[in-house]
Amino acid sequence: MQIVEVLIEYAKSSLNRPFSYCYKGNKKLVKGIRVLLEFNHRDLIGYVINVTETNLNLEQYEEEKGFSISEIKDVIDDVPLLNEELLSLLDEVSSYYLVPKISVLQSMLPPSLSPRKSSLKAPKIAYDQYLEVIDESEEDLTNKQIELLRFIKLEGRVLKRDIKQVSIIDKLLEKNRIQIVKEEKRRLKVPDYQYQTPPKLSEDQNKVIDEFNNSNDSVYLLEGVTGSGKTEVYLNLSEQVLKAGKSVLMLVPEISLTPMMVEYFLHRFSNNVAILHSELTPAEKYDEYRKIAKGDCKIVVGVRSAIFAPLKNIGLIILDEEHTESYKQDNLPFYHAREVAIMRGKYNHAKVLLASATPSLESRARGQKGVYHMLYLTKRINNQKLPTTKIVNMLDYHNIDRDSYIFSHALRDELHKTLAKGEQAILLINRRGFSTHVTCRNCGHVFKCPTCGIALTYHKKDNMLKCHHCDYVEPLPETCPECGSKYLMKTGFGTEKIQEEVERLFPSARTLRLDSDSAKNKSKIPEVIEAFRKKEADVLIGTQMIAKGHDFPDVTLVGIVLADIGLSMPSYRSNERAFQLITQAIGRSGRKEKPGMAIIQTYLPSHYAITFAARQDYELFYRKEMEMRKLQFYPPYAYLASVTIRGKSEETVIENTIRIVDFLNDEFLDDGQILGPSTPYIPFDMGLHVRAILIKFKDPKKAHDILLKMQELFAYNSAYELLINIDPYNF
Ligand code: ADP
Ligand code: ZN
Ligand code: ZN
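Below or above, wherever it landed, is the structure these notes cover.

Thresholds applied
- Residues numbered from 1 in each chain as written.
- Chains lettered and ligands numbered in written order.
- Predicted model: local features only at pLDDT ≥ 70, side-chain atom pairs only at ≥ 80, totals over all residues.
- Heavy atoms only, no water.
- Near = heavy atom within 4 Å.
- Polar contact = N/O pair within 3.5 Å; in protein donor to acceptor, adjacent residues only side chain to side chain.
- Areas by Shrake-Rupley, 256 points an atom, 1.4 Å probe, with all protein chains shown as cover.
- Helix = DSSP H or I, 4+ residues; strand = E, 2+ residues; numbered from the N terminus.
- Nonpolar A, V, L, I, M, F, W, Y, C, P; charged D, E, K, R; others polar.
- Domains from an automatic or database assignment.
- Phe/Tyr/Trp six-rings, centres within 6.5 Å; stacked < 30°, edge-to-face > 60°.
- Buried < 20%, exposed > 50% of the residue type's maximum accessible area, 1.4 Å probe, protein only.
- Contact = heavy atoms within 4.5 Å.
- Pairing = 2+ DSSP bridges.
- Donors = N, O, S within 2.8 Å, 3.2 Å for Na, K, Ca; no water.
- Tetrahedral: all angles 85-135°; square planar, octahedral: opposite > 155°, others 65-115°.
- Salt bridge = Lys/Arg side-chain N within 4 Å of Asp/Glu carboxyl O.

## Here's the deal with the site of ligand 1
Working step 1: The environment of ligand 1 is made up of 18 residues, and the closest members are Lys200, Gly227, Lys230, Thr231 and Asp551.
Working step 2: Note that an oxygen atom of ligand 1 is positioned 2.9 Å from one of the side-chain N or O atoms of Lys230.
Working step 3: Asp551 places a side-chain nitrogen or oxygen 2.5 Å from an oxygen atom of ligand 1.
Working step 4: For ligand 1, the protein covers 83% of the area, taking 570 Å² as the surface of the free molecule.
Working step 5: For the shell around ligand 1, the element with the most residues is helix α7 (residues 230-243), which contributes three residues.
Working step 6: Classifying every residue of the shell around ligand 1 by side-chain character gives five nonpolar, seven polar and six charged.
Working step 7: Both of domain 3 (203-382) and domain 4 (386-434 + 493-630) provide at least three residues apiece to the shell around ligand 1.

Below, the structure is given as structure tokens:
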């Protein structure tokens, strides 16, 4: 008989200890496989972490041990899902982030192989399912259902997996408003590109590559201005690593936003490349995963979770745009791809290359201290100049175009010139929708979200009011619900309004819009970007999505319609975010032969995040922001961990949060600052009350021990759920 220790998939996040089961069958079990078992009268998946052989039979075994033991119901896998390296990575990640191993496993493995119940049904070959409207009537529908119905109608046909509100789809199907059309899924379509001969490297690129190759350091930070040719450095280094018989892991923030990176790698390395990102179907993920595990591909290009790709013998791990926050997972297991990259780098004796025009402060500070090896690309390719920039003070009414309170004279004039020359422009506003507030002119009633209390945003295309925090929606009524007045006023503006404004002021300009509304249909994003690159439009209007690493040769004007949005957000990272966004956006301008221009409209014309971004001066911003962080004891001067308590009863939640705060104060004494209990901006999460604690500390080892103790003392409680987030971002 074999005895297995298993980790169990279970909703409660705090469950991290293994359970013992026996197996009487004749297969030889190994650690790393999944088994089906019964736990609390439910069928669950277990993940085997240890196997021992015994000569005793069940009765004797139970007698000797003094407890009873059940038999597993079925063996799911024959061979382990993870190789030795990933098994040890599993331990390392789970212990660093103080999270359950099972949650790490669920991030590591593709859906079809994951130790979760649904994985048994997850397809190995899939179908594409499309939604189509069959009946437009909105009678008896809820607001959410109307929103989705209008969306599908406007789009014509929508991939089912692009729509996350599954229950709403089900209701619309039930009510016979829409139907599902099934089409057999093509395997991941990877175009067969011609090999592209690399360009001759610039002197600066060569210098960086030589310095990288001649050093024995393990982690590098490449600070390279926008348009300095970082991609070519990645490609060149990857080529060398492949030649040396090793493999390459290339991480990008989001594939749909940066399809170019995948294309570059496909051009250079064709079918040696596997692609891993969240838009793949479970079947595609399974295919790519197997291909990598079998060693058929030596290069993986992918997003955050691709850091767990089963690539062997890694020689190089690259994180493009390393400052991007999507590298940090915002829910269990809360890992950051950069830290995991460094763990894997160590195990594989591989080098890790972090790169950005605007490195995160924590990485740049490690570079300063020599923990990371700094590399610089200070000039654009061919010495192309960085764009000329102009800050426009929108508080001064002389600067504002009377015919359009959204545009300044400067931005309107420059846009006019750009269009007249047949060149392209990008307009950035970090807010989607049409207007920010809708108010009644008669009684002053403001339309607010009933759950969050914040003002609803008007969306003109489907004529609905939407909450940008939760997913509450309602159709815009004809009259005020308070006084019945017909005069409803829309103030503030977002992407939708800017698009309308451009079309009004420049009737012959062709516009495209890219924000999370227009990209609700995720497969649309690369299409919009491609259309703009092919010059099928003159002006691209969008949110931060359009600031990411794109390389549009004909864009010579970037207009930041309102640079202030985000600066007032209550987060220690808000200055850094604003600086990065503005710098990255400006960097889209004038990247090829033609010189670029950028106009920054703002109500805070002397804020350092804005002035230094306008000067494209990362170093000055870095120094100033470091001073602020030092004063306020925030990263990189302190480490952070947050603890979140969620539960049904507000009283219980508060009581226990206070107990935990007391415990932490006693343990940390002067070695840490404990802030809280605080009520998060949104105090509810799926019907549960939430309270949070923020811990700032200097000594991560000591903090780790204290948090571990806290977890043991407080996490195993059925009245609430306790989540630890190491290095949290949203505080
Ligand atoms: P970054 O990622 O640093 O913003 P990119 O890698 O997108 O910059 O490079 C900017 C542009 O310069 C791209 O169009 C790229 O094809 C081009 N480029 C890069 N290296 C070279 C080179 N050595 N010779 C000519 N063009 C280059
Ligand atoms: Zn009213
Ligand atoms: Zn809301």
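## Remarks on the packing of aromatic side chains
Working step 1: Summed over the entire model, instances satisfying the criterion amount to 15 aromatic pairs.
Working step 2: Residues Phe19 and Phe39 carry aromatic rings whose centres are separated by 5.0 Å and whose planes lie at 75 degrees to one another, so their mutual orientation is edge-to-face. Of this pair, Phe19 sits in strand β2 (residues 19-23) while Phe39 is found in strand β3 (residues 34-39), placing the two residues 20 residues apart along the sequence.
Working step 3: When its relative accessible area of 12% is taken as the criterion, Phe39 is described as buried.

## Here's the deal with the environment of Gly433
Working step 1: Tracing the backbone through its elements, the reader meets Gly433 in the loop between β18 (424-428) and β19 (437-440).
Working step 2: Its relative accessible area of 0% is what places Gly433 among the buried residues.
Working step 3: Sequence-wise, Gly433 and Gln632 are 199 residues apart; in three dimensions their C-alpha atoms are separated by 35 Å.
Working step 4: Other than its neighbours up to four places away in sequence, Gly433 contacts Thr457, Tyr458, His459, Gly494, Thr495, Glu496, Lys497 and Asp517.

## Things to note about the pairing of strand β16 (residues 373-377)
Working step 1: Among the five residues of β16, four are classified as buried, and the element is accordingly described as predominantly covered.
Working step 2: Relative to β16, strand β10 (residues 219-224) is paired through five bridges, and the arrangement is parallel. Bridge pairing in β16 places Tyr220 opposite His373.

## Concerning the environment of Gln106
Working step 1: For Gln106, the position within the fold is in helix α3 (residues 101-108).
Working step 2: C-alpha of Gln106 to C-alpha of Leu332: the two residues are 226 residues apart in sequence and 9.6 Å apart in space.
Working step 3: Ignoring any residue separated from it by four or fewer positions in sequence, one finds Gln106 in contact with Glu9, Ser114, Pro115 and Arg116.

## Points about the coordination of the zinc ion (ligand 2)
Working step 1: Surrounding the zinc ion (ligand 2) are the protein donor atoms Cys440 (SG), Cys443 (SG), Cys480 (SG) and Cys483 (SG), which sit 2.3 to 2.4 Å from the metal.
Working step 2: Each of the four donor atoms bound to the zinc ion (ligand 2) contributes to angles spanning 104 to 113 degrees, and the resulting shape is tetrahedral.
Working step 3: Between consecutive donors of the zinc ion (ligand 2), the numbers of intervening residues give the motif C-x2-C-x36-C-x2-C.
Working step 4: Take Cys440: its relative accessible area is 2%, and that puts it in the buried class.

## Quick word on the pattern of salt bridges
Working step 1: Tallied over the full model, the rule gives 46 salt bridges.
Working step 2: Among the salt bridges present, the one from Lys291 reaches Glu288, with a minimum N-O distance of 3.3 Å. A residue pair is termed a helical-turn pair when its members lie 3 or 4 positions apart in one helix, as Lys291 and Glu288 do in helix α9 (residues 282-293) at three residues.
Working step 3: A salt bridge links Arg577 to Glu325, with the shortest nitrogen-to-oxygen separation between them at 2.7 Å. Of this pair, Arg577 sits in helix α15 (residues 574-586) while Glu325 sits in the loop between β14 (314-319) and α10 (337-348); the two residues are 252 residues apart in sequence, bridging distant segments of the chain.
Working step 4: Given the relative accessible area of 26%, Arg577 is considered partly exposed.
Working step 5: Judged by relative accessible area, which is 24%, Glu325 ranks as partly exposed.
Working step 6: Here the residues in one salt-bridge network are Glu322, Glu325, Arg338, Glu339, Glu362, Arg366, Arg573, Glu576, Arg577, Glu625 and Arg629, joined through shared partners.

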